[in-house]
Number of protein chains: 2
Amino acid sequence: MIEAALYLIPVQLSDVELTTILPTINTHIVRDIKHFIVENVRSARRFLKKCDRNIDIDSLTFYELNRHTKESEIPSMLSPLINGEPVGVISEAGCPAVADPGADVVAIAQSKGLKVKPLVGPSSILMGLMGSGFNGQSFAFLGYLPIDSTERARKFKEMERRIMHEDQTQIFIETPYRNNALAAELCKIMPQHIKLCIATDITGEKESIVTRGVKQWQGKLPELHKVPTIFLLYK
Amino acid sequence: MIEAALYLIPVQLSDVELTTILPTINTHIVRDIKHFIVENVRSARRFLKKCDRNIDIDSLTFYELNRHTKESEIPSMLSPLINGEPVGVISEAGCPAVADPGADVVAIAQSKGLKVKPLVGPSSILMGLMGSGFNGQSFAFLGYLPIDSTERARKFKEMERRIMHEDQTQIFIETPYRNNALAAELCKIMPQHIKLCIATDITGEKESIVTRGVKQWQGKLPELHKVPTIFLLYK
């Protein structure tokens, strides 16, 4: 039996065999957990079935944690752990608590002195950074860029400044149906000494991680509509 | 046979079974590679033997890439890949090209239009972030802090500003024999609304990821001397 802790369980980014993206111990740990805090119950069930098709899903308890969850509902999700039982956190894709709502429940676990155990798994941010060739000794992930055009322009300027003056790689994402528009915008707005890495479908069949100068990309941008994509900028 | 690409191969952070921290496919991929760009030949050989004890180490070619390597020597390390053979990159711990010298060779591969393929593995930066409960939608890794006291004080101020005004988690490391001094310094310098997460020996037997207010840590800091540690700050 595994020890009582809040296990942060990464899931696949794309539809691949789990052995290609998760250590085998993760599936053993999952089998020992009866309580799960999940971003989406349906995708979590599907993931658990993929870990072990003999798993008895109906014997498990799921607590949904996403932008619809009230903050006041979160602490009670940790009751099983307080009573000595392991609890798992599963997000929709990638690593819980990184670019997703899981961080709230981890913060509460920390404030209560509960043990937290992250497991190894795929992160498109980290894998995009590895593959970009950009500075991995200093980098920032900014999440989504602002939509408001004034704020957005200011953000682009600030990113450029941090690349040039702090040697810091800038990493960000966009709502998937606006990926094409963002890529075109970056090529237009960024000066020619800036490089853009477009990392799409990481771990998937059509994975592509390509770094080019912003001006080299012009007219040669790949089709990114609704494809999971990470954007990285550096010099 | 695997396709010709520059494979970025993560290694263990601590002395554990590889099945606990790497997907099994990684060891299959490793067996198909004859050319490796490595931070340290000895630790790379040890890792490869651990992947597969039947591996014929003497049939492999190793190119050393670390701070002693001249920049002019790097491009030739990619010759096998240009000739259609897969090449692996292995650093001393964790993920190649993140907080280590591998990024240079990835940048050259990208500039030559060669295919780059990051594999999944443990990253203490990412796992520390997951376990901290801090903001995972906006975070920065800063590498080592400046040693000069004026620059260092400025860096602390800047970190505090980015936490408070940009909601950005700040992540950094210290030379392992100065970990204790840094932890004490943070507790003393940072205002009480700042939280510090100390993540030590990640994936190892003594793994501990604990978040407390900086003032709560005072007088209760763990022994960090020469223990691999990631420091994270947020509010």
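Residues numbered from 1 in each chain as written. Chains lettered and ligands numbered in written order. Predicted model: local features only at pLDDT ≥ 70, side-chain atom pairs only at ≥ 80, totals over all residues. Heavy atoms only, no water.

**Here we look at the overall build of chain A**
As a reminder, the rule being used: Secondary structure elements are taken from DSSP: a helix is a run of H or I of four residues or more, a strand is a run of E of two residues or more, and numbering for both begins at the N terminus. This radius of gyration counts C-alpha atoms alone. The globule rule is 2.2 Å times how many residues there are, raised to the power 0.38. Type-normalised accessible area, obtained with a 1.4 Å probe on protein chains alone, sets the label of each residue: buried when under 20%, exposed when over 50%, and partly exposed for intermediate values. Throughout, a residue-residue contact means that at least one pair of heavy atoms, one from each residue, lies within 4.5 Å.
Assigned secondary structure in chain A consists of eight helices and ten strands. Relative to its length of 235 residues, chain A is compact, with a C-alpha radius of gyration of 20 Å against a globular reference of 18 Å. With the C-alpha coordinates of chain A rotated into their principal frame, the extents come out at 55 × 35 × 30 Å. By residue count, 57% of the 235 residues in chain A fall in the buried class. Within chain A, residue pairs in contact and separated by at least 24 positions form 77% of the contacts whose partners lie at least 6 positions apart.

**Notes on the relation of the copies chain A and chain B**
Our working definition: Superposition of the copies was done by least squares, using only C-alpha atoms of residues whose pLDDT is at least 70 in both.
Overlaying chain A with chain B gives an RMSD of 0.0 Å, the required rotation being 180° about an axis along which the chain moves by 0.0 Å. In the structure described here, the two chain copies are related by an operation that fits a two-fold rotation axis.

**Concerning the pattern of salt bridges**
A side chain with one charge can pair with a side chain of the opposite charge if their charged atoms come near. Definition in use: Should a side-chain nitrogen of Lys or Arg be within 4 Å of a carboxyl oxygen of Asp or Glu, the pair is scored as a salt bridge.
Scanning the entire structure with this criterion turns up 26 salt bridges over all chains. The partner of E3(A) in a salt bridge is K115(A), with the nearest N and O atoms 3.5 Å apart. Highlighted residues: E3(A) in the segment before β1 (6-9) and K115(A) in the loop between α4 (103-111) and β5 (116-118), separated in sequence by 112 residues. Residue E3(A) is classed as partly exposed on the basis of its relative accessible area, which comes to 40%. A salt bridge links E158(B) to R162(B), with the shortest nitrogen-to-oxygen separation between them at 2.6 Å. Of the two residues, E158(B) and R162(B) both sit in helix α6 (residues 149-166), four residues apart, roughly one turn of that helix. Overall, the relative accessible area of 4% leaves R162(B) in the buried class. Salt bridges sharing common partners tie together E158(A), R161(A), R162(A), E166(A), E158(B), R161(B), R162(B) and E166(B).

**Points about the side chain of K117(B)**
Summarising the element assignment, K117(B) is placed in strand β5 (residues 116-118). For K117(B), the residues in contact, after removing those within four places along its chain, are E207(A), E3(B), A5(B), L6(B), Y7(B) and L8(B).

**With respect to empty space enclosed by the protein**
Keep this limit in mind: For each structure, a 1 Å grid was placed over the protein atoms alone; sets of points admitting a 1.4 Å probe that cannot get out are labelled cavities, open sets with protein on both sides within 12 Å along at least five of seven lines are labelled pockets, and lining residues have an atom within 4 Å of a point. Grid points are joined across faces, edges and corners, and a volume is the space filled by probe spheres set on the points. All residues other than Ala, Val, Leu, Ile, Met, Phe, Trp, Tyr, Cys, Pro, Asp, Glu, Lys and Arg, Gly among them, are scored as polar; the first ten of these are nonpolar and the last four charged.
Applying the stated criterion across every chain, the model contains four cavities of 30 Å³ or more. Around the largest cavity sit 18 residues that line it, and G121(A), S123(A), L126(A), G121(B) and L126(B) are the ones nearest its centre. Taken together, the elements giving at least two residues each to the lining of the largest cavity come down to α5 (124-132) of chain A together with α5 (124-132) of chain B. Of the residues contributing to the lining of the largest cavity, the split by class is 14 nonpolar, four polar and no charged.

**Some words on the interface of chain A and chain B**
Often, the extent of an interface is quoted as the loss of accessible area on bringing the components together. Quick note on the threshold: Using a 1.4 Å probe, buried area is obtained as the accessible area two parts lose upon being combined, added over both of them. Pairing of N or O atoms within 3.5 Å defines a polar contact, subject to two protein rules: one partner must be a possible hydrogen donor and the other a possible acceptor, and residues neighboring in sequence count only if both atoms are side-chain atoms.
The interface is formed by 55 residues belonging to chain A together with 55 residues belonging to chain B. Interface area, chain A with chain B, both sides summed: about 4200 Å², of which 57% is carbon and sulfur. It is Q110(A), V120(A) and M130(A) that lose the most area in chain A upon contact with chain B, and together they represent 17% of the buried surface on that side. The tally of links between chain A and chain B comes to 19 residue pairs in polar contact (both at pLDDT 80 or more).

**With respect to the pairing of strand β8 (residues 195-200) of chain A**
All names here are of chain A. Applied cut-off: Between any two strands, at least two bridges found by DSSP are needed for them to pair.
With five of its six residues buried, β8 lies for the most part within the structure. By the bridge criterion, six bridges tie β8 to strand β9 (residues 208-213) in an arrangement that is antiparallel. Considered in β9, the bridge of T200 is made with S208.

**Observations concerning the environment of N179(A)**
Residue and element names in this part refer to chain A. Along the chain, N179 turns up in helix α7 (residues 179-189). When near neighbours in sequence (up to four residues on either side) are disregarded, N179 contacts E174, L224, V227, T229 and F231. Here T229 takes part through its side chain, which lies 3.5 Å from a polar atom of the side chain of N179.

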